[in-house]
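Spelled out, the chains give:
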Amino acid sequence: MPKEARPGTGEQAKQLALARLRQAILHGEMAPAQRLVENELAEQFGVTRASIRAALIDLEAQGLVERIRNRGSRVRVVTVDEAVAITECRMVLEGLCAAKAAVAASDDQLAELTELGTAMTKAVAAGEPVTYSDLNHELHTRIREFSGQRTALELLERLNAQLVRHRFQLALRPGRPQQSLSEHLAMIEAISARDPEAAEAAVRAHLSSVIEALRD
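Cut-offs used in this document
- Residues numbered from 1 in each chain as written.
- Predicted model: local features only at pLDDT ≥ 70, side-chain atom pairs only at ≥ 80, totals over all residues.
- Heavy atoms only, no water.
- Core = buried A, V, L, I, M, F, W, Y, C linked by side-chain atoms within 4.5 Å.
- Buried < 20%, exposed > 50% of the residue type's maximum accessible area, 1.4 Å probe, protein only.
- Helix = DSSP H or I, 4+ residues; strand = E, 2+ residues; numbered from the N terminus.
- Axes fitted to C-alpha atoms, helices over the stretch in contact; angles between N-to-C directions.
- Parallel < 35°, antiparallel > 145°, perpendicular 65-115°, else oblique.
- Left-handed = near helix turned anticlockwise from the far one by under 90°.
- Contact = heavy atoms within 4.5 Å.
- Pairing = 2+ DSSP bridges.

J.: Report on the nonpolar core, specifying residues and quantitative values.
T.: In this structure, Leu113, Leu139, Ile143 and Ile191 are the most contacted members of the largest nonpolar core, which totals 40 residues. Looking at this core element by element, the count peaks at nine residues for helix α4 (residues 80–104). One finds Ile25, Met30, Ala55 and Leu56 within the second-largest nonpolar core, a separate group that totals 23 residues.

Here it is in structure tokens:
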């Protein structure tokens with residue numbers, strides 16, 4: 001957005017700063033433990049320090065930023081133990097979403113899941129872990145959306161945002177995409193068969209595997 005078109009103050013400015021900061025953290029442009037200096041960010045985004053401060057407070061509530069007394073804010077560091085605990089919560093919520101999607105998804109939506117599975121298979125065969133990671137994320141997102149379970153979706157968005165660094169690290173680990181591909185295809189197969197119990201079990205099996213990988 002051109003500088004002259006940016007809102008400098010008020011709620012619109014805060015939302016601009018919030019969106020830009022969140023995107024930078026989720027895309028890995030800001031690393032864990034990186035300091036977030038209000039003056040620098042205000043100049044970068046063309047908003048006031050107050051707008052940046054308000055955005056940082058929201059990001060702290062989302063688990064993406066931590067404020068350290070007398071030292072300001074930084075991108076929150078999610079430890080392996082925390083990542084495991086978050087994934088355990090995901091296991092329950094994503095299992096629920098998969099079971100719901102197996103019942104609620106339309107035929108077109110099921111076809112979309114199948115297409116994602118095909119694309120993931122091609123990415124693994126081509127040795128493209130970053131593409132595979134993006135498709136992996138999209139598959140989980142679509143299953144949540146197709147479930148119609150809005151409360152679970154909102155909770156998972158917050159949980160998954162905290163895991164972005166670990167997700168990329170796992171995707172780049174040799175052999176991990178090949179292992180998780182079969183788990184994802186099992187999820188798609190169970191949902192497409194409209195078998196809610198099998199769909200939930202497949203998701204739980206996949207996320208149990210993720211926990212094992214995090215601990216390695």
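J.: Hey, could you go over the packing of α4 against helix α7 (residues 150–161) for me, with residue numbers and the actual values?
T.: Two packed helices can be described by the angle between their axes and the distance between those axes. In the contact formed by α4 and α7, the axes pass within 10 Å of each other and the chain directions differ by 150 degrees. Accordingly, the angle class assigned to the pair α4 and α7 is roughly antiparallel. Judged by the twist between their axes, the crossing of α4 over α7 is left-handed. Residue-level inspection shows Ile86, Cys89, Arg90, Leu93, Glu94, Leu96 and Cys97 of α4 in contact with α7, the latter providing Ala152, Leu155, Leu156, Leu159 and Asn160.

J.: Before we move on, could you go through the environment of Ala33 and cite the residues and values that matter?
T.: Turning to its location among the elements, Ala33 is positioned in the loop between α1 (10–26) and β1 (35–36). Each C-alpha atom, one on Ala33 and one on Arg76, is 5.9 Å from the other, the two residues being 43 residues apart in sequence. Beyond its immediate sequence surroundings of up to four residues, Ala33 is in contact with Arg74, Val75 and Val77.

J.: Can you lay out the sheet that holds strand β3 (residues 72–75) for me, pointing to particular residues and giving the numbers?
T.: The strands making up a sheet associate through backbone hydrogen bonding, with each pair oriented either parallel or antiparallel. Judged by pairing direction, the sheet is antiparallel, and its three strands sit side by side in the order β1-β3-β2 without closing on themselves. Where the open sheet ends on each side, the last strands, each with one partner, are β1 and β2 (65–68). Where β1 meets β3, two bridges bridge the pair, whose relative direction is antiparallel. Pairing of Arg35 across the sheet is with Arg74, part of β3.

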